[in-house]
Amino acid sequence: ILKGQRYIYSTRLSGDSEQHQGQYYTVPPSHFHTVFPHGLPPRYQQQVKTFNEGCVMVRQPALELISHLKRADYSKPTLRYLLYGVKGSGKTMSLCHTVHYCSTQGWLVLHIPDAHLWVKNCKELLPSSYHASRFDQPIQASNWLRNFRTTNENFLSKIKLRQRYVWTKRESTEEGQPLGELVDMGVSRVKSSSDVVGAVLKELRLQAGGTEGGFRLAVAVDGVNGLWGRTTLKKEDKSPVAPEELTLVHNLRKMINNDWCGGAVIATLSQTGSLYAPSSAYLPQELLGEEGFDSMDPFIPVPVSLYSEKEFESCYLYYLDRHWLQHPHSQTEEGKKELIFLSNRNPSVLERLCAFL
Amino acid sequence: MAASGGRTVGSFLWKCGNCCFNFNTVSSNLTRQVLSRQLCVSAVLHRKNLAAAGPEKFSEEFIKKQVEEFNIGKRHLANMMGEDPETFTQGDINRSIAYLFPSGLFDKKAKPLMKHPDEVFPKQRAVQWGADGRPFHFLFYTGKQSYYSLMHDTFTKALAVEKHQDRLRGKDLFTQDAKQISLVGSRWLLKEELEELLVETISEHDYARFIQLMERLLSLPYCSVEEDFVQRYRRQLEIQSSKQQVQPLQYDQHGVAYSTGDGKQRKTATGTVLLRDSGSGSISINGTNYVHYFPVLQDREQLMFPLHFMGVLGRFDMQCSVSGGGHSSQAGALRLAISRAMLSFLSEGQVETMRQAGLLTPDPRIKERKKPGQEGARRKFTWKKR
């Protein structure tokens, strides 16, 4: 493989053509903060900071997803895609790749970085004002709204609300107001932010497939198996909270149901943050559970595998080029074989290995 | 017969308790020397310094009586076990005793034993002088009578060989290439062994002189005349048991070569490996991928070591099964099993390099026993000044 050919990181490469499989394409730095305020794996974020640029490898699962998205019919109910694979095989990265593609195509992206964050480690649980038996999570909701605002700035002014929302006796948002105002309100009024999230999701659902000013909606959920498992949260009387009793989860589940049209739902299974799931589980049935599987059914499964030979080659050469592999032995053939053996071509393991070489 | 049998066995038990107490106290000094692996480790090093035992504690008649009792007891034991008393060997005795008196103790020296009195009681010097106070041996007043008498004997033999040679020269029958004593596979007695033989202490200088004299005897062309004498002072080297049977390659139905590494132990973990020469480099342990089974990098490096050493990293396909121990000992056991399995694929020279690299040696380290009076194996209780 010639030096110039193995990976091209140039901005003109949009990353969605089949012949560039295995090669890297650069995400323009301006996109990083808008498209990915949240959602990238933390190690990858560190790598971006180190290398001063973000390069994503074009891989088979992402290409498959993108081709489906290109060919889908958006007047029918939404299709749901599920990325699954062993730990560290690159599901989140594929998801982010697809999200970037969608945003370049002008879609509205609803990216939930990790659904597990909403079912565990929550410091504040307020009883919901809207529905008596549910619980709110103000911090998580407001964080997410803030990131949502950064991602979809240009849409916020375009979409108008179709319904009047009353928050308290004095606060209400009228019909016809831009979505941006709703979001701002949610960010500032932390107490009602979960309900704002619910309202935003409902609005987007209603308006996604609409003919006037229609936009495509991409719902990208990472760690979707967290929505149907158990939570670690407890009520004041120490009884466990079921996921349905959380407002955010409830609204998100409604989103994932395919009763709306004009968009796509892309989801990833994740074992890493999941609760009460064995570490060897990676298949949809195991991680989603019965309930989740029934709700997600029918979906299009997209398996994410470990690096193939070509992809491994490309990753290795990328690290070499970035002078990430400092050890002289790692630049030899022997070193490469050792790396293959030790990581078994698992992307995350390889990345951790090379981190201290 | 049963009563007398019980009594003899009972008396032996008492003896074993007595002797073992003696041996245990002194053996600790010598075990430290022995732990550095010597090629020729003889039981002599475990015994105490015989000459320093002083005047004899057990008299001649006593030892003779013990020998008789031992023989009678041996016959009784053979009858008890239903075997033939004539062909009852020491190994049979050991097995019978282990069967009749099962011991849960770990220390080998604490278990009941029944051995010939010559092995049980240390060799002692008989009284060296008669009733009138005159010593029997003419070299008694040198202090090391047996050593000097041995030197004298050796020198006499050397002189005899030279005389024999002169006689042959006189008859013109002298040839240079006479039959030589074969010294291959044997070594001279160690200083400790010589001391045990002579039942007296000798210094290093004395030992060196003795060896010098024997070498001089061997340098004479016709020394084969005194072969028996010389062989008395040589010991066979233990045959290196590292001559491992390299199993031949087996071929399964697709013609792919495969070989198994049998269960290797490392600190209670056992592992078996099935190596296949298919060229994919995938490894599965107990059904799961090795990256998931050994998340720690160090364990995977241990697996990699034999293959990387031989440069055959991507060639083999492995199916391993491992149980027991912790993750580190499982990795070590698998490494041994892989090296063993690889032997059939490699040439002799490579096998030798593997052995030198220590890939084929099972790691003997196990958890050290906790001793009473201490908190752990080595850690003592906190020392309080008052």
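Bear in mind the structure is a predicted one, so any value in this text is a computation, not a measurement.

Some remarks on the confidence of the model for chain B
Residue and element names in this part refer to chain B.
- Mean pLDDT over chain B works out to 80, with 84% of the residues at or above the 70 mark.
- This model gives residues 1–40 a pLDDT under 50, and the stretch forms 41 contacts once residues within four places in sequence are excluded.
- Model confidence for the complex is summarised by a pTM of 0.66, with the ipTM given as 0.77.

Considering the packing of aromatic side chains
Residues and elements named next belong to chain A.
- In the structure shown here, the tally under the stated rule is 17 aromatic pairs over all chains.
- Here the aromatic rings of Trp144 and Phe148 are separated by 5.2 Å at their centres, their planes lie at 15 degrees, and the arrangement is stacked. In this pair, Trp144 and Phe148 both sit in helix α5 (residues 138–151), four residues apart, roughly one turn of the helix. Taken individually, Trp144 and Phe148 each receive the classification buried, so the pair is uniform in this respect.
- With centroids separated by 5.6 Å and ring planes inclined at 85 degrees, the aromatic side chains of Phe293 and Phe299 adopt a geometry described as edge-to-face.
- Take Phe293: its relative accessible area is 25%, and that puts it in the partly exposed class.
- Judged by relative accessible area, which is 16%, Phe299 ranks as buried.

Points about the interface of chain A and chain B
- Listed as interface residues are 15 residues of chain A and, on the opposing side, 13 residues of chain B.
- A buried area of about 1200 Å², summed over both sides, lies between chain A and chain B, and 66% of it is on carbon and sulfur atoms.
- Of all residues in chain A, Phe341, Leu342 and Asn344 of chain A give up the largest surface area on contact with chain B, accounting jointly for 54% of the area buried on that side.
- In this assembly, chain A and chain B are joined by zero salt bridges.
- The tally of links between chain A and chain B comes to four residue pairs in polar contact (both at pLDDT 80 or more).
- For the side of chain A that touches chain B, the secondary-structure elements that each account for two or more residues are α12 (333–343) and α13 (347–355) of chain A.

Structural notes on the state of the cysteines
Residue and element names in this part refer to chain A.
- Enumeration over the complete set of coordinates arrives at zero disulfides over all chains.
- Its sulfur unpaired, Cys315 is 6.7 Å from the next cysteine sulfur, which belongs to Cys354.
- Judged by relative accessible area, which is 1%, Cys354 ranks as buried.

A word on the sheet that holds strand β5 (residues 269–276) of chain B
Residue and element names in this part refer to chain B.
- The sheet built from six strands is open, its strands ordered β3-β4-β5-β8-β6-β7 with mixed pairing. Either end of the sheet is taken by a strand with one partner, and the two such strands are β3 (250–251) and β7 (288–289).
- Sheet analysis places β5 next to strand β8 (residues 317–323), joined by seven bridges and oriented antiparallel. Bridge pairing in β8 links Leu274 to Gln319.
- Those strands touched by helix α11 (residues 327–342) are β4 (257–266), β5, β6 (283–285) and β8, and its axis lies near 140 degrees from that of β4.

Regarding the sheet that holds strand β11 (residues 300–303) of chain A
Residue and element names in this part refer to chain A.
- Across the sheet, which stays open at both edges, the five strands sit in the order β4-β9-β10-β3-β11 with parallel pairing between neighbours. Looking at the sheet topology across the chains shown, the edges are occupied by β4 (108–112) and β11. With direction set aside, neighbouring strand axes in the sheet form an average angle of 15 degrees.
- Across four bridges, the pairing between strand β3 (residues 79–84) and β11 is parallel. Within the sheet, the bridge partner assigned to Tyr81 lies in β11 and is Ile300.

What counts, and at which threshold
- Residues numbered from 1 in each chain as written.
- Chains lettered and ligands numbered in written order.
- Predicted model: local features only at pLDDT ≥ 70, side-chain atom pairs only at ≥ 80, totals over all residues.
- Heavy atoms only, no water.
- pLDDT = per-residue confidence, 0-100.
- Contact = heavy atoms within 4.5 Å.
- Phe/Tyr/Trp six-rings, centres within 6.5 Å; stacked < 30°, edge-to-face > 60°.
- Helix = DSSP H or I, 4+ residues; strand = E, 2+ residues; numbered from the N terminus.
- Buried < 20%, exposed > 50% of the residue type's maximum accessible area, 1.4 Å probe, protein only.
- Buried area = accessible area lost by both parts, 1.4 Å probe.
- Salt bridge = Lys/Arg side-chain N within 4 Å of Asp/Glu carboxyl O.
- Polar contact = N/O pair within 3.5 Å; in protein donor to acceptor, adjacent residues only side chain to side chain.
- Disulfide = S-S within 2.5 Å.
- Pairing = 2+ DSSP bridges.
- Axes fitted to C-alpha atoms, helices over the stretch in contact; angles between N-to-C directions.

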